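Okay, here's what each chain looks like letter by letter:
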Amino acid sequence: MSSSKEAENNSETPSSPEKIYKDPDDGRQRFLLELEFIQCLANPTYIHYLAQNRYFEDEAFIGYLKYLQYWQRPEYMKFIMYPHCLYFLELLQNANFRNAMAHPGNKELAHRQQFFFWKNYRNNRLKHILPRPLPEPVAAPPAPGPPPLPPAQSGPPMPSATLGMPAAPGAVPSPMPYGMPPGSAFVKSDIRSSGSERRKRKKEV
């Protein structure tokens, strides 16, 4: 009896290891399907559709989302054309985000924020990549020069009140005294008057 039971147990347990499933095309079809699905997650409207149809209440689907995180590795990331899908995939690991995406208002909010990111991302990134221009040097104010010299004079200053005519520049001043009133000195002597005076003196003598 014991030998027959052992034979039955040996027949139930296979001697060879279990066969591992292999894709007929080496996983190419599976790779393309998962790539297409994960890139659909870049669309907030599609995530809203999944939440409305209660896909996020299925534990198997939640496990599938955790499995898809291998696309964040560099060897798989290079095949993704819409990188926002990786950001939303990370958010979908949170139950609060999955529940919030069932509301149409949250869907519209996520869509607007995504649009603003696309609109301003390039300009914001260029601010950190492009070198900033150097500030232009400020020109120093010119240094104050020496005060201007007064014009040179050839002779001593002459008072204009005492001169009848202005002196020519460069002329030598006259040795005659200045400011003599007319007729006060150097009166011309008349020859006739001098001769008559001599005659009177001779007659008196």
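Criteria and cut-off values
Residues numbered from 1 in each chain as written. Predicted model: local features only at pLDDT ≥ 70, side-chain atom pairs only at ≥ 80, totals over all residues. Heavy atoms only, no water. UniProt positions renumbered as here; feature names shortened; annotations may be inferred. Helix = DSSP H or I, 4+ residues; strand = E, 2+ residues; numbered from the N terminus. Polar contact = N/O pair within 3.5 Å; in protein donor to acceptor, adjacent residues only side chain to side chain. Contact = heavy atoms within 4.5 Å. Core = buried A, V, L, I, M, F, W, Y, C linked by side-chain atoms within 4.5 Å. Buried < 20%, exposed > 50% of the residue type's maximum accessible area, 1.4 Å probe, protein only.

- Per an unreviewed UniProt entry, the chain goes by Mediator of RNA polymerase II transcription subunit 31 and derives from Dovyalis caffra.
- According to UniProt, the comment filed for the chain under the heading Subcellular location (unreviewed entry) is "Nucleus".
- On record in UniProt, under Subunit (unreviewed entry), the comment for the chain is "Component of the Mediator complex."

1. Some remarks on the side chain of K107
Link 1 in the chain: Here K107 shows up in helix α8 (residues 104-129).
Link 2 in the chain: Of the polar contacts made by the side chain of K107, one reaches the side chain of E108; its length is 2.9 Å.
Link 3 in the chain: Excluding residues within four positions of it along the chain, K107 makes contact with P44, T45, H48 and M101.

2. Some thoughts on the nonpolar core
Link 1 in the chain: The biggest cluster of nonpolar side chains holds 23 residues, and the ones touching the most others in it are I38, L41, F56, L65 and W71.
Link 2 in the chain: Of all the secondary-structure elements, those providing two or more residues to this core are α2 (28-40), α3 (44-52), α4 (59-67) and α6 (84-91).
Link 3 in the chain: Per-element accounting of this core gives the leading share, four residues, to α6.
Link 4 in the chain: Each residue touching L41, except ones within four places of it in the same chain, is listed here: Y46, I47, L50, L65, C85, F88, L89 and L92.

3. Some words on the side chain of Q39
Link 1 in the chain: Within the fold, Q39 resides in helix α2.
Link 2 in the chain: The exposure class assigned to Q39 is buried, which follows from its relative accessible area of 16%.
Link 3 in the chain: At 3.3 Å, the side chain of Q39 and the backbone nitrogen of Y82 are in polar contact.
Link 4 in the chain: Not counting residues within four places of it along the chain, the set of residues in contact with Q39 comprises I80, M81, Y82 and C85.

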